[in-house]
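# Observations on chain architecture
Below, each chain spelled out in residue letters.
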Amino acid sequence: MSSVILRQWRDSDFVPYFEMNTDPEVMRHFPAVLTKQEASASFARLRNEIEKRGWGVWAVEVDGALAGMTGLWIPRFSAPFMPCTEILWRFRRQFWSRGLAYAAAVQALVYGFSTLRLTEIVAYTAASNLRSIRLMERLDFIRDLAGDFEHPGVPQGNPLRHHRSEEHTSELQSLRH
């Protein structure tokens, strides 16, 4: 398998980041693809969070190329499981189905539990996002039925509004093998 590196964002990452966030298949479980202005603002937020905290949502590099992103984020909306630290991921389509999201997410979880000493990390996604749900299961997240919610950032009536929530509290025992 290729080496998976989590790192701070670089200026040269913006073009592939923008392309990833405008790919309709990558963004299928989001209300819309990002505009260039939205992608630029998002890119700056990700970068600034790492500069400010020393951690956040990192660029995922595979064989010298930006494959996507994964990391830890503190959501700023209301949901049954708040406050929390969430793990998230998004990958460029050409990097799908290679185990890279799993490898990157394991690194982020290890960082969260070992370095940040978090006791819980939450993952959530649109209930229709079976690819992410399978990854959550593979990472040993546990479904939190009480945490399922209607995402306030998704318009009412949109089928993507209903989100599924899962949590990981195992202190990585299952991720070390």
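Residues numbered from 1 in each chain as written. Predicted model: local features only at pLDDT ≥ 70, side-chain atom pairs only at ≥ 80, totals over all residues. Heavy atoms only, no water.

## Focus on the overall build of the protein chain
The condition is simple: Runs of H or I in DSSP of at least four residues are treated as helices and runs of E of at least two as strands, each being numbered from the N terminus. Each residue is placed in one exposure class: buried if its accessible area under a 1.4 Å probe, protein chains only, is under 20% of its type's maximum, exposed if it is over 50%, and partly exposed if it falls in between. Accessibility throughout is a Shrake-Rupley quantity obtained with a 1.4 Å probe, and a residue counts as covered only by protein chains that appear here.
A tally of helices and strands in the protein chain yields 4 helices and 8 strands. Helices and strands in the protein chain line up, N terminus first, as β-α-α-β-β-β-α-β-α-β-β-β. In terms of its C-alpha atoms, the protein chain occupies a principal-axis envelope of roughly 40 × 40 × 35 Å. Taking all 177 residues of the protein chain together, 53% fall into the buried category. Looking at the protein chain as shown, the accessible area adds up to about 8900 Å², and 52% of this sits on carbon and sulfur atoms.

## Details of the pattern of salt bridges
Applied cut-off: Put simply, a salt bridge is a Lys or Arg side-chain nitrogen that is within 4 Å of an Asp or Glu carboxyl oxygen.
Per the stated rule, a full pass over the model turns up 12 salt bridges. Arg76 is the salt-bridge partner of Glu49, the closest N and O atoms lying 3.2 Å from each other. Placement of Glu49 in helix α2 (residues 36-53) and of Arg76 in the loop between β3 (65-73) and β4 (86-91) is noted, with a sequence separation of 27 residues between them. On the basis of relative accessibility, which here comes to 56%, the residue Arg76 falls in the exposed class. Among the ionic pairs, Arg164 bridges to Glu137, the shortest N-O distance being 3.6 Å. Residue Arg164 is located in strand β8 (residues 162-168), and its partner Glu137 is located in helix α4 (residues 130-138); the two are separated by 27 residues in the primary sequence. Taking relative accessible area as the criterion, Arg164 reaches 15% and is therefore assigned buried.

## With respect to the confidence of the model for the protein chain
Residues shown with low pLDDT carry predicted positions that ought not to be read at fine detail. The condition is simple: A score from 0 to 100, pLDDT tells how confident the predictor is in each residue.
A residue-level look at the protein chain finds 95% of positions with pLDDT of 70 or above and a mean pLDDT of 92. Confidence scores differ between elements of the protein chain, with strand β7 (residues 149-150) showing the lowest mean pLDDT of 90 and strand β2 (residues 57-62) the highest of 98.

## Observations concerning the environment of Leu66
The criterion, for reference: Contacts between residues were defined by any pair of non-hydrogen atoms, one from each residue, lying within 4.5 Å.
With respect to the element layout, Leu66 can be found in strand β3. Residue class for Leu66 comes out buried when judged on its relative accessible area of 4%. Separated by 52 residues in sequence, Leu66 and Phe14 have C-alpha atoms that sit 9.4 Å apart. Sequence-distant contacts of Leu66, defined by excluding residues within four places in its chain, comprise Trp9, Asp13, Pro16, Tyr17, Ala59, Val60, Arg92 and Phe95.

## Brief notes about the packing of aromatic side chains
Our working definition: Pairing of aromatic rings covers Phe, Tyr and Trp, the last through its six-membered ring, and needs centres within 6.5 Å; plane angles under 30 degrees mean stacked, over 60 mean edge-to-face, and all others mean tilted. Only Lys NZ and Arg CZ are tested; either one counts as a charge over a ring when it is within 6 Å of the ring centre and within 35 degrees of the ring normal.
Taken as a whole and judged by the stated rule, the model has 11 aromatic pairs. Centroid distance Trp9 to Phe43: 5.5 Å. Interplanar angle 70 degrees. Geometry classified as edge-to-face. With Trp9 in the loop between β1 (4-7) and α1 (14-22) and Phe43 in helix α2, the pair connects residues that are 34 residues apart, well separated along the chain. Taken together through their ring pairs, the aromatic side chains of Trp9, Phe14, Tyr17, Phe18 and Phe43 make up a single cluster. Positioned above the aromatic ring of Phe18 is the side chain of Lys36, whose terminal nitrogen or guanidinium carbon lies 5.8 Å from the ring centre.

## What to know about the pairing of β4
Note the following rule: Only strands joined by at least two bridges in the DSSP assignment are considered to pair.
With 6 of 6 residues buried, β4 lies mostly within the body of the structure. Neither face of β4 is exposed, since Glu86, Leu88 and Arg90 on one face and Ile87, Trp89 and Phe91 on the opposite face are all buried. When β3 meets β4, the two strands line up antiparallel, connected through 6 bridges. Within β4, the residue paired with Leu72 across the bridge is Ile87.

## Here's the deal with the nonpolar core
This is how it is decided: Put simply, buried Ala, Val, Leu, Ile, Met, Phe, Trp, Tyr and Cys residues joined by side-chain atoms within 4.5 Å make one nonpolar core.
Grouped together as the largest cluster of nonpolar side chains are 46 residues, with contacts concentrated most on Trp9, Tyr17, Ile87, Phe91 and Leu139. Considering each element in turn, this core owes the most residues, 10 residues, to helix α3 (residues 100-115). Ignoring sequence-local partners within four residues, the contact set of Ile87 consists of Thr70, Gly71, Leu72, Ala105, Ala108, Leu109, Ile121, Val122, Ala123 and Phe141. Counting residues in each nonpolar core, the second largest holds 7 residues, with Phe77, Cys84, Tyr124 and Phe149 among its members.

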